[in-house]
Amino acid sequence: HELDIQIETGTVSEGRSGRANVRFPYVPQYLFYILVELLKNSARATVEISGGDQAEIRKRPILVTVGADPSQVAIRVHDSAGGIPFSVADRVWSYMYSTASQNNDASDFSQQGTPLAGFGVG
């Protein structure tokens, strides 16, 4: 499936969205891990909500927005997949909680995923 991931940056001093260099100190491995997990979750949810229909997937871009001011940076990953239901909000930060469906009937490993898919390791 082909997903559209767009990245926008902006700073408060610019007062607008657009392209800008945002610099801040971070641990590269941690930031990479977090962003990969967020993008995987967003991509999976986008494909699921679209029913695998390529035309529907193209209508639902994933937008990554990076904003900054002199004291803080915010990174937002936004999709049109419907979000996490409020009924599970108290469990969403638990390490072993996942909204990923487990497809045990899948004959193809790529359809089934890994046993820990959605748990930050698959």
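None of the values given here were measured: they were computed from a predicted structure.

Trainee: Explanation requested: the overall build of the chain in the structure shown.
Mentor: For the chain, the helix and strand inventory stands at three helices and three strands. Each helix and strand of the chain, placed in order from N terminus to C terminus, yields the pattern β-α-α-β-β-α. Out of the 122 residues in the chain, the part that is buried amounts to 20%.

Trainee: I'm lost on helix α1 (residues 28-49) in this one. Help?
Mentor: Side chains of residues three or four places apart in an α-helix project in the same direction, reflecting 3.6 residues per turn. When the terminal C-alpha atoms of α1 are compared, their 31 Å separation across 22 residues agrees well with the 32 Å that a helix rising 1.5 Å per residue should span. Among all positions in α1, only E37, S42, A43 and T46 are buried. Of the surrounding elements, those touching the buried residues of α1 are β2 (62-69) and β3 (72-78). Residue G51 follows α1 closely and has a positive phi angle near 65°.

Trainee: Honestly, the pairing of β3 in this entry has me stumped. Any pointers?
Mentor: Within a regular strand, the side chains alternate between the two sheet faces. Where β2 lies against β3, seven bridges are found, and the strand directions are antiparallel. Bridge assignment links G67 to a residue of β3, and that residue is A74. From the end of β2 to the start of β3, which pair antiparallel, there are two residues.

Trainee: Please explain the confidence of the model for the chain as it appears in this structure.
Mentor: Caution is warranted with low-pLDDT regions, since their predicted coordinates should not be read in detail. When pLDDT is averaged across the chain, the result is 76; 68% of the residues are at 70 or more. Between residues 106-110, whose pLDDT stays under 50, and residues either more than four places distant or in other chains, the model counts three contacts.

Trainee: Any chance you could explain the environment of K59 here in plain terms?
Mentor: The topology assignment puts K59 in the loop between α2 (54-58) and β2. With 21 residues separating them in the primary sequence, K59 and S80 have C-alpha atoms 9.0 Å apart.

Trainee: It is not clear to me how the pattern of salt bridges should be interpreted in this structure. Could you clarify?
Mentor: In a structure, side chains of opposite charge can pair up when their charged atoms sit close to one another. In total, this model carries three salt bridges according to the counting rule given. For E37, the salt bridge goes to K40, with nearest N and O atoms at 3.2 Å. In this pair, E37 and K40 both sit in helix α1, three residues apart, roughly one turn of the helix. Here E56 and K59 are joined by a salt bridge, their closest N and O atoms 3.2 Å apart. The partly exposed category is assigned to E56, whose relative accessible area is 27%. For K59, a relative accessible area of 58% corresponds to the exposed category.

Calculation rules
Residues numbered from 1 in each chain as written. Predicted model: local features only at pLDDT ≥ 70, side-chain atom pairs only at ≥ 80, totals over all residues. Heavy atoms only, no water. Helix = DSSP H or I, 4+ residues; strand = E, 2+ residues; numbered from the N terminus. Buried < 20%, exposed > 50% of the residue type's maximum accessible area, 1.4 Å probe, protein only. Expected span 1.5 Å × (residues − 1). Contact = heavy atoms within 4.5 Å. Pairing = 2+ DSSP bridges. pLDDT = per-residue confidence, 0-100. Salt bridge = Lys/Arg side-chain N within 4 Å of Asp/Glu carboxyl O.

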